[in-house]
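As a plain string of letters, each chain reads:
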Protein chains: 4
Amino acid sequence: MPKCVLAFSGSLETLVAIPWLKEHRNLDVVSFSANMGEEADLEELGERALLAGAIAARIEDLRDAFFKDFISPALRALAHYETHYLLSTALSRPLLARELVRVALEEGATHVAHGCSGRGNDQVRLEAAIQALGPHLKIVAPQREWELKTHEQKLQYARTKRLSPGNDPQIHGKFKYDRNLWGQSIKCPTLEDPTKPTAEDAYTLTKSPMQAPDQPEEVEIEFRAGLPVALNGKRMPSVALIEKLNAMAGIHGIGRADMIEDRLVGFKSHEIYEAPAALCLYTAKRALEQMTLSRESLQVREGLSTAYGRCVYNGQWFSDLREALDQFYERINQSVSGKTSVRLYKGTATVIARSSEFSLYQAPPAGSTKDGELDSDAAQGFIRVWSLPLTAEARRKKA
Amino acid sequence: MPKCVLAFSGSLETLVAIPWLKEHRNLDVVSFSANMGEEADLEELGERALLAGAIAARIEDLRDAFFKDFISPALRALAHYETHYLLSTALSRPLLARELVRVALEEGATHVAHGCSGRGNDQVRLEAAIQALGPHLKIVAPQREWELKTHEQKLQYARTKRLSPGNDPQIHGKFKYDRNLWGQSIKCPTLEDPTKPTAEDAYTLTKSPMQAPDQPEEVEIEFRAGLPVALNGKRMPSVALIEKLNAMAGIHGIGRADMIEDRLVGFKSHEIYEAPAALCLYTAKRALEQMTLSRESLQVREGLSTAYGRCVYNGQWFSDLREALDQFYERINQSVSGKTSVRLYKGTATVIARSSEFSLYQAPPAGSTKDGELDSDAAQGFIRVWSLPLTAEARRKKA
Amino acid sequence: MPKCVLAFSGSLETLVAIPWLKEHRNLDVVSFSANMGEEADLEELGERALLAGAIAARIEDLRDAFFKDFISPALRALAHYETHYLLSTALSRPLLARELVRVALEEGATHVAHGCSGRGNDQVRLEAAIQALGPHLKIVAPQREWELKTHEQKLQYARTKRLSPGNDPQIHGKFKYDRNLWGQSIKCPTLEDPTKPTAEDAYTLTKSPMQAPDQPEEVEIEFRAGLPVALNGKRMPSVALIEKLNAMAGIHGIGRADMIEDRLVGFKSHEIYEAPAALCLYTAKRALEQMTLSRESLQVREGLSTAYGRCVYNGQWFSDLREALDQFYERINQSVSGKTSVRLYKGTATVIARSSEFSLYQAPPAGSTKDGELDSDAAQGFIRVWSLPLTAEARRKKA
Amino acid sequence: MPKCVLAFSGSLETLVAIPWLKEHRNLDVVSFSANMGEEADLEELGERALLAGAIAARIEDLRDAFFKDFISPALRALAHYETHYLLSTALSRPLLARELVRVALEEGATHVAHGCSGRGNDQVRLEAAIQALGPHLKIVAPQREWELKTHEQKLQYARTKRLSPGNDPQIHGKFKYDRNLWGQSIKCPTLEDPTKPTAEDAYTLTKSPMQAPDQPEEVEIEFRAGLPVALNGKRMPSVALIEKLNAMAGIHGIGRADMIEDRLVGFKSHEIYEAPAALCLYTAKRALEQMTLSRESLQVREGLSTAYGRCVYNGQWFSDLREALDQFYERINQSVSGKTSVRLYKGTATVIARSSEFSLYQAPPAGSTKDGELDSDAAQGFIRVWSLPLTAEARRKKA
C-alpha cells in the first residue's frame, strides 16, 4: 500500500482520518505531529495515532525552526493582515507544509493529508506550499472529501473502528484553539456573532484586563537588528524569551484581538486571537523604528509590511517575492537595535521610553530654547520652495 | 499705516508682536483669536490685544466650521501621520489660515502675522495655506525675524512697552499646550528626552490609566456615512458629541500618544499628544469599516489614509489632491453606517461589538457547523487556480 | 420551458450552444448580440440565431453606452493592466453582463449563458458581474460543461442539428479577434510562442510600421475634464472621434501590444492587442496631466491607475471601490483640459506639444536667464532642510 | 590658504569660479574633472583649469564606477521619475559627490565647490550627498552667491582675470548638454516653451526618426541577473556594451523624451532628454521580467521602481532606504536572465521576442486546443470564491 503522511493534531477529524485513509483511499498512514509551541503532549499524540492504525508516528519539536525561519522574518517586517492579525497560524502553515514534504520524502510516501476544512484559509496555505515544495505528492483533504459531515457521524465512524476519540488537545470547553509560540486563534460557533461581546472564558493566554493585576509592570525589551535578544537586561534564547513574554503580558491581559477579517476564500469571518508576546514585540519594535529609521524608510517599510502580511496570509510564503522582501527587511533592520521600555497594564502595552545607539533623534543643544536651532533663513527658504506647487494650484483656481 | 492681521493666542510671543509689528514693521495690528475648542476666554483675549495696542480685536467661535470642514473629512479618511498622530493641530492650521485671509480681506489688511517659530511644522502649514488663499498678502513671522531670542528678552521688551504679559492660555505649569476640539499637543523642554518616561503631570485631558476608574464603561457610538451621530443612542450635535466623548474617554485615560515623529522640516522630534475622542472614533470607525467595506476597498482606503494624513501634516490642505481624495472618501463612506460598542477602561478603548445594516459579514446558517458552507469543489478549484503561480516558481527553482 | 439569454457572437461555439441548451439543459434560448464597435452585421447574426433555434434574437447598438459608462471612467483613470494592456475586452464584459441581466429581466429568463472557455479571464468577469447584478439568474457555460471538446466535435454536433456553421465574425484566417471600439485582442495557437515574433498578418487594425506612410501626420487632440472632445479642432461625438482616431492611428501602425500577461486565473499567457485610438489618447492625456496636475496628484493618480486597472481586469467593475475611485478621478480630471499635439509616425505616437488654460507650468520671465528666478536664499534654505535626514543617517554611519 | 576642490566642467561658470574662489573666498582651487561618458577631453580641461589659476587639476575616468555602482542598481530596479526620465544626470550626481569628497580628503581640502545654479535639482543632489559623505566640508556654490548674474558679467570678469573662456564642452550651438554614459539632458532658453515642438537640431545622440534608416535593425540583448551582458550574442564589457547600444539605437532615433517634469524644488520645468541605450535596456528588461517574475512580484516591483526613482531624483542616494531597496532588487533579479529581441526602427524600440531558462510562461501542451487545460471544475470553483465579495456588496445594494 502506498504511504500517506498525515498532519496529526489529535483532533477527532485527524484521528478518524487514519482508518478512513486506509479504507477509502487505500493508504498506509504515517502520522506527523509537531510542537510549534502548542503545549500538546507529543508522545501521547504519537501513541494515539498508532492505536488508530498509523504504521508510524513521527513527532518533532519545531519551535526553534519556527522562530528562526518564520517568526523572525515576519517580525523584522512587522507583517500584519488587516492591522490586527499578527499571523500566528498563517506563519505556522508553511513550516508544517515544509516538514510534511520532508517527512514524505524520508518515508517514501506518495500522499500527504491534512485535516483542514473547505471553508478556511489553512487548506489554501498548506496545499499551496505542499504543491510548491513537493509537486510530486498527492494531497488528500478528508474533511473536504468524506461523507462524515457532522460531529456525530465522525464519532459514529470512530466507534465502528473501535477508536476512542480521546482528548482533542485543541479543544477546551466549547472552544477550539489553534495555538503556537506566536499566538492562538479561537473558534466557537457562538463566537461568530460579531454584534455581541466575546465570552470572557474563550481566552486562555490572557487574563481579562479587568482581572489583571492592579500594579503595572515594566519590561525593557532589547532588540538587535530587529529581533529581541533580552528582557529586562537578561539575555535569553529566542523561544524562551517569547514564552516568557507570553506569560508576562498574558497576565496583564495583553494581546487580544477581536476582529472581522477578510478570508482568502472571499468572505468575512469573525476572528478572535491572542498573541501577548507578538503584540508587545510589535509595539516595542515600532517605537524603536520611529527612532532609528528615516521618514522615507518608514513610509516604504509600512507599505511593504502590508505586502508581506498578505504574502503570509495568502499562503505565498515559498515565493521569490517573500524572499526578496526578506532581503529588504534584513538590511533596513540593521539599525533597529536598542531598548524599548514597555508598561504592561490592564490590557495594554504602552511604550514609555526607547533608546538606541543608532538613534536618528537629536536632542536640542543644552541651554537652548527648543525653538530656533533651525535657522530662520533655512525655514523661510524651505517654506518658499515647499509652497510653490500649492500656490501654482491656487493661482489657477483664482484665474 | 497698513494693517496686519495677527493670529493672537495670548502667548507672550503674540502679545509682544503687537507693539513690535508697529515699531519694526510699521503696521497697525488687528488681532484675531478663534475658539476651535481650546477653552480660552476669547473676550479676555480681545481685551488684552487692545491693551497691547491692537487697533481692533476680532474673536470668533469656529468649532462648528472646524468639525464640518476639517475634522469630518479627516475622520472619513481615517487620516493619520505615522500611525499615532491624529492631526489635531495640523487640521486646525488651514482653518486658521482661511480665517486670517478672510479677516484680512474684510479689514483691508495687507499683511498677516503669526507666532510660529522657525523650527516647527506650523509655520509651513500656515504660510503655505495663506499663500494659496491670499497670494496678495505679505506674511510676517516675528518669531523668526526679531532679535528677541530668549524668554527674558521678550519679557524685557514687554516691560519697555509697559505691557503686563498676563496669563498665556496655552501654558500651564511648565508645559505648553496647543489644544482644540480634536486633541492637543504638549510641549516642554524636559519632555524632549525620549529615553525617559513622560511626566504624568503633563497630561490634562486624560487621567493616568492607573488613576482611572476601576469600573469599565461602555459607550455605543453610532455612525452615519462615516461620521458620528449619537452616543449611547442619544443623538447630539457633532461638536457636543466630541466634547462629551473627550470627557468620557479622558476620564478613562484614553487617547495619549507618546511618539517620535518626523517633522516636515526634516528632523525627528519627541511629541506628546492627547486625543481622547479622536482615538475612540478612529477605533470604532475602523471596526465598522471592517464589517462594511470589501477587502479591496479596505486595502485602497488604507493606503490613501496615509496619503491624506501626509497632505494634512505637510500643509497641503488647499490642494486639488485633497479635494479629490475627499470625493473618494465620501463615496466609500456611504455604507459606513452602524453602531460600535467600545469599552473604555484603564487607558484603552476596546471594540467589543459592532453592527450595521450594511454589513458584509454573513453569519453561517443556523444549525450548520461553521465549516462546510463553501462547497468543497469550489474550495479545491480555488486552491488549484490560486496555487498556479507558486507552483510555476517552485518548478523553476527545482530545475 | 424556462428561458435562457445567450450572449451570441456568431461563433461556432455560441451557435452550437443554442440547440445544446435546449437538448441538454431544457432551455429556450433568446440570443443577445450587441455592437460595441466590433463591426459585425447584427441583423445577420440575429437571423442565424433564429435559424439555429433561438425563440427570439435581440440585437443592440451599445457603442454610446460603452463609451459613456465604461471607456470614459477608464480613460479618466488612465487605467491599465501591467502597463501595456488598455483593457479593451475587459471593459466590455461588465457592459455585456449588465445587458444580459437586463434582457433576462425583460424576457423573464431564468438563465444566462455565455461562450467563454474555462481557461480565460472573461468567464470570471462575466459571471462575477452577472452574479452581482442578477443573483437570481443561473449561469450556464456550455464550453466548460459539454463534451464537445474539439472543433471537429462541435462541427459534427452542428451537422447532426442540420446547422451550417456560417462565418464566425470573430475569425479571419487563422486568427480569432475580440474587437470593440477600444481595441481588440488577437488569438491564434501559433501566436502563443513568445520566443518568436508575431506574424504580421495577425494585425488588422494597424498597418505594419514598416508599411506605414513615410510622411508623419500630426493630430491635435483636445480634452475637456479628461475626455477627448475634438480632433484637429473639429468637435465630434465621442464614438465617432474614437473611430476616426482608430483609423488615423491604425494607418500609422500605432497601438500594438505584444506582451506576456498574468491572467486572473493564475498563469501567464502571451497576448497580442491592437488599440490605436486608446494608445493615442493615453499618451496625449498623460502629457496633459503632467502639465495640469501637481506632483503629489500625479503620484497618487499613478498608484490608483494600477488599482483601477486591476479592478477592471479582475472583473470587479460593479464594486463600491470602483465607484469611489471614479469620484476621485472625476474631481482630479477637472483641470485636465487642453490640447495635445501628437505626431503619428511609423508605429509611434509622440507628443510634440501641449497647452492648457489650467497649466501649472510657468515659463521663466522674459529676458531672464533661465536660472536664478528662485532666489538663492530660498534654495539654500530648502537644501538645508531637505538634507537633514540624510545627514542624520550619515552621521550615524560614521559613528 | 585653505583648499577647495571644484567640480570643473570647463563651462564659463566653473572657469570663472577658479579666480573668484581665490579672490572672494580666499581659497586655493583644486579642479576635479571626470569622465562619466561625456566625451570631453579631460587632459585639455585640466590644462585650462591650471591656466585659470588652479593649484592642481585632477582628472579621472569614472565610467566603470558609474556603471557598476549607479547605473546597475538603477537598471535592476527599473528606476524612473515620472515614467519618462531615466535619471541620467540624477544618477551621476552622487558619484560626483562621492569623488569630490574623496579628492578633498586626499588633498586636505576644507571646501568643495560646484557650478550648479539655484533653480535646479543638481544643487540639492550634490550638496545633500556631500553633506552626507563629508559633513566636515564647507560647500561653496558660486553661482548662487556671486554678483555675476549675466553671461556678459561673467565674460567681463574672465577678461579682468585675463582668462579666455575657451570652449564649454557642454555647449553646442545654442544648446547646453549634460551628458554621460546613461544619456543626456538638453537645455536652451527657447526649449522652455512646452506648447511648441522642440527644435530638431537640439538632439545630438539620436537621429530624427524621420531621418532614421528605412530598414529596421534587430538587436538581441542578453541579460544575466537583470544586467546586460551581450549584444547579438557577443559578450562585451558593460561600458562598451552601453556605448555600442547608444550608437545603434541613436541611429534609429530611439531614446528621446520631451516632457514636463516636477522638479524637486517645487516647480514644473520642460525637459528634453536623450537616452538611447537606457530606453532599449528598460524596454527589453521589462519584457523579460514579465516572463520571469510572478504577478505579485511585478506589482511590488513596480511600486518600488517609483520609490527608487524618487530616491535618486531627490538626491537621497546615500540612504539606508536605497541600500535596502538594492537588496530587494538583487534578489528579485536573480531570475531575470534571458534574451530579448528588440526591433529598432524610426524612433521606437519594440520587443518582438523574449526567452529565458527561468521563464514562468508555460506553453499549452502540443496538440491541445489552447483552451481547456485548466479543468472546468477548477475554473468554476475559482469563480465561485472570487465572486463572493462582489455578490455580498451587490446583495447589500439591493437591500
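Residues numbered from 1 in each chain as written. Chains lettered and ligands numbered in written order. Predicted model: local features only at pLDDT ≥ 70, side-chain atom pairs only at ≥ 80, totals over all residues. Heavy atoms only, no water.

**With respect to helix 4 (residues 88-107) of chain D**
Residue and element names in this part refer to chain D. With 20 residues, helix 4 ought to run about 28 Å at 1.5 Å a step, and its terminal C-alpha atoms sit 29 Å apart, in line with that. Most of helix 4 sits out of view: 16 of its 20 residues are buried. Once helix 4 ends, the next one or two residues include G108, with phi positive near 65°. (Helix = DSSP H or I, 4+ residues; strand = E, 2+ residues; numbered from the N terminus. Expected span 1.5 Å × (residues − 1). Buried < 20%, exposed > 50% of the residue type's maximum accessible area, 1.4 Å probe, protein only.)

**Here's the deal with the pattern of salt bridges**
One pass over the full model with this rule turns up 160 salt bridges over all chains. Across the pair K3 of chain A and E107 of chain A runs a salt bridge, and its minimum N-O distance is 3.5 Å. In this pair, K3 of chain A is assigned in strand 1 (residues 3-7) and E107 of chain A in helix 4 (residues 88-107), connecting sequence segments 104 residues apart. The partly exposed category is assigned to K3 of chain A, whose relative accessible area is 23%. On the basis of relative accessible area, E107 of chain A is assigned to the buried category, the value being 19%. One salt bridge in this structure joins R322 of chain B and D326 of chain B, with 2.6 Å as the shortest N-O distance. Residue R322 of chain B and its partner D326 of chain B are both found in helix 11 (residues 320-332); the two are separated by 4 residues, about one turn of the helix. A single burial state applies to R322 of chain B and to D326 of chain B, both of which are buried. Connected through salt bridges with shared partners, the residues K3, R58, E60, K68, D69, R98, E99, R102, E106 and E107 of chain A form a single ionic network. (Salt bridge = Lys/Arg side-chain N within 4 Å of Asp/Glu carboxyl O.)

**Some thoughts on the interface of chain B and chain A**
In this complex, chain B contributes 86 residues to the contact, which on the side of chain A involves 85 residues. Across the chain B to chain A interface the summed buried area is about 7,800 Å²; carbon plus sulfur atoms make up 55%. Between the two partners, chain B and chain A, sit 6 salt bridges. The salt bridge partner of D258 of chain A is R354 of chain B, with a shortest N-O separation of 3.0 Å. Between the two partners, chain B and chain A, sit 29 residue pairs in polar contact (both at pLDDT 80 or more). (Contact = heavy atoms within 4.5 Å. Buried area = accessible area lost by both parts, 1.4 Å probe. Polar contact = N/O pair within 3.5 Å; in protein donor to acceptor, adjacent residues only side chain to side chain.)

**Observations regarding the packing of aromatic side chains**
Counted by the stated rule, this structure contains 46 aromatic pairs over all chains. Ring geometry for F382 of chain B against W386 of chain B: centres 5.5 Å apart, planes inclined by 20°, an arrangement best described as stacked. Separated by 4 residues within a single helix, F382 of chain B and W386 of chain B lie in helix 12 (residues 376-398), roughly one turn from each other. Neither residue differs from the other here; F382 of chain B and W386 of chain B are each classed as buried. One aromatic cluster is present, built from ring pairs that chain together F70, Y308, W317, F328 and Y329 of chain A. (Phe/Tyr/Trp six-rings, centres within 6.5 Å; stacked < 30°, edge-to-face > 60°.)

**As for the side chain of S208 of chain B**
Residues and elements named next belong to chain B. Position of S208 relative to the elements: it lies in the loop between strand 8 (183-187) and strand 9 (217-224). On the accessibility criterion, S208 (7% relative accessible area) is buried. Beyond its immediate chain neighbours, meaning those up to four positions away, S208 contacts E200 and R256.

**Notes on empty space enclosed by the protein**
Gaps left between atoms show up when a probe the size of a water molecule is rolled over them. Per the stated rule, a full pass over the model turns up 10 cavities of 30 Å³ or more. Within this model, the largest cavity holds a volume of roughly 210 Å³. Every residue lining the largest cavity is counted, 15 residues in all, and those nearest its centre are Q290, L298 and E302 of chain A together with E82 and T83 of chain B. Elements represented by at least two residues in the lining of the largest cavity include exactly helix 9 (276-292) and helix 10 (295-313) of chain A together with helix 10 (295-313) of chain B. Of the residues contributing to the lining of the largest cavity, the split by class is 2 nonpolar, 7 polar and 6 charged. As a volume, the second largest cavity reaches approximately 90 Å³. (1 Å grid on protein atoms, 1.4 Å probe; cavity = no way out; pocket = protein on both sides within 12 Å on 5 of 7 lines; lining within 4 Å. Points joined across faces, edges and corners; volume = space filled by probe spheres on them. Nonpolar A, V, L, I, M, F, W, Y, C, P; charged D, E, K, R; others polar.)

**Examining the side chain of S88 of chain D**
Residues and elements named next belong to chain D. With respect to the secondary-structure elements, S88 resides in helix 4. With a relative accessible area of 3%, S88 lands in the buried category. Setting aside chain neighbours within four positions, we find S88 in contact with F66, N180, W182, G183 and Q184.

**Some details on the sheet that holds strand 11 (residues 234-235) of chain A**
Residue and element names in this part refer to chain A. In space, the 5 strands of this open sheet follow the order 11-10-9-14-15, with antiparallel pairing throughout. Since the sheet does not close on itself, it has two edges, and those belong to strand 11 and strand 15 (348-355), each with one partner. In terms of strand pairing, strand 10 (residues 227-231) meets strand 11 through 2 bridges, oriented antiparallel. Paired with A230 across the bridge in strand 11 is R235. Of the strands in this sheet, strand 9 (217-224), strand 10 and strand 14 (338-345) are in contact with helix 8 (residues 238-251), which crosses strand 10 at around 70°. With respect to the sheet, helix 9 is in contact with strand 9, strand 10, strand 14 and strand 15, its orientation differing from that of strand 15 by roughly 30°. (Pairing = 2+ DSSP bridges. Axes fitted to C-alpha atoms, helices over the stretch in contact; angles between N-to-C directions.)

**A short note on the interface of chain C and chain A**
Taken together, the contact pairs 24 residues of chain C with 24 residues of chain A. Carbon and sulfur atoms supply 61% of the area buried between chain C and chain A, which totals about 2,000 Å² over both sides. In terms of surface lost to chain A, no three residues of chain C exceed L360, F382 and R396 of chain C, which account for 27% of the buried area on that side. Counting the contacts that link chain C with chain A gives 0 salt bridges. Linking chain C to chain A there are 8 residue pairs in polar contact (both at pLDDT 80 or more). Looking at the side of chain C that touches chain A, the elements with two or more residues in it are helix 10 (295-313) and helix 12 (376-398) of chain C. Broken down by element, the side of chain C that touches chain A gets its largest block of residues, 13 residues, from helix 12 of chain C. Among the residues making up the side of chain C that touches chain A, the classes are represented as 9 nonpolar, 6 polar and 9 charged.

**Here we look at the relation of the copies chain B and chain A**
Laying chain B over chain A is done by rotating through 180° and shifting 0.0 Å along the axis; what remains is an RMSD of 0.0 Å. Accordingly, the operation relating the two chain copies is best matched by a two-fold axis. Taken together, the interface assignments show that 99% of the residues at the interface of chain B recur at the interface of chain A, consistent with an identical surface on both copies. (Least-squares fit on C-alpha atoms with pLDDT ≥ 70 in both.)

**Focus on a negative patch on the surface**
A cluster of acidic residues, D41, E43, E44 and E47 of chain A, forms a negative patch at the surface. With respect to the helices and strands, E43 of chain A occurs in helix 2 (residues 42-51). (Patch = residues over 30% accessible without salt bridge, like charges linked within 9 Å, V, L, I, M, F, W, Y side chains within 5 Å. Areas by Shrake-Rupley, 256 points an atom, 1.4 Å probe, with all protein chains shown as cover. Lys, Arg positive; Asp, Glu negative; His and termini not counted. Charge placed at Lys NZ, Arg CZ, Asp CG, Glu CD.)

**Remarks on the packing of helix 3 (residues 63-77) of chain A against helix 10 of chain A**
Relative orientation and spacing of two packed helices are given, respectively, by the angle between their axes and the distance between those axes. All names here are of chain A. The contact between helix 3 and helix 10 brings their axes to 9 Å, and the two run at 145°. Contact residues: P73, A74 and A77 in helix 3; R301, S305 and Y308 in helix 10. A class-by-class count of the residues in the contact of helix 3 with helix 10 yields 4 nonpolar, 1 polar and 1 charged.

**Section: the packing of helix 3 (residues 63-76) of chain B against helix 9 (residues 276-292) of chain B**
All names here are of chain B. Helix 9 packs onto helix 3 with a crossing angle of 45° between their chain directions and a minimal axis gap of 10 Å. Taken together, the axis directions place helix 3 and helix 9 in an arrangement best described as oblique. Across the interface between the two elements, A74, L75 and R76 of helix 3 pack against L281, Y282, K285 and E289 of helix 9. Looking at the contact of helix 3 with helix 9 residue by residue, the classes come out as 4 nonpolar, no polar and 3 charged. (Parallel < 35°, antiparallel > 145°, perpendicular 65-115°, else oblique.)

**Here we look at the sheet that holds strand 14 (residues 338-345) of chain D**
Taken in spatial order, the 5 strands make up an open sheet running 11-10-9-14-15 (chain D), and their pairing is antiparallel. The open sheet terminates on both sides in strands that have one partner only, identified here as strand 11 (234-235) and strand 15 (348-355) of chain D.

**A closer look at the pairing of strand 2 (residues 28-35) of chain B**
Regular strands place their side chains on alternate faces of the sheet. All names here are of chain B. Among the 8 residues of strand 2, 8 are classified as buried, and the element is accordingly described as predominantly covered. Of the strand pairs in this sheet, strand 1 (residues 3-7) and strand 2 are connected by 5 bridges, and their pairing is parallel. Following the sheet pairing, V5 is matched in strand 2 by V30. Tracing the backbone out of strand 1, into helix 1 (residues 12-25) and back to the parallel element strand 2 gives a crossover that is right-handed. When strand 2 meets strand 3 (residues 56-61), the two strands line up parallel, connected through 6 bridges. Within strand 3, the position partnered with V30 by the bridge is A56. Once the chain exits strand 2 it traverses helix 2 (residues 42-51) before rejoining the sheet at strand 3, and the crossover so formed is right-handed. (Right-handed = clockwise from strand over helix to strand, strands pointing away.)

**Observations regarding helix 9 of chain A**
Over its 17 residues, helix 9 of chain A runs 25 Å from end to end, which matches the ideal 24 Å to within 8%, given 1.5 Å per residue. In terms of residue burial, helix 9 of chain A counts as a mostly covered element, since 14 of its 17 residues are buried.

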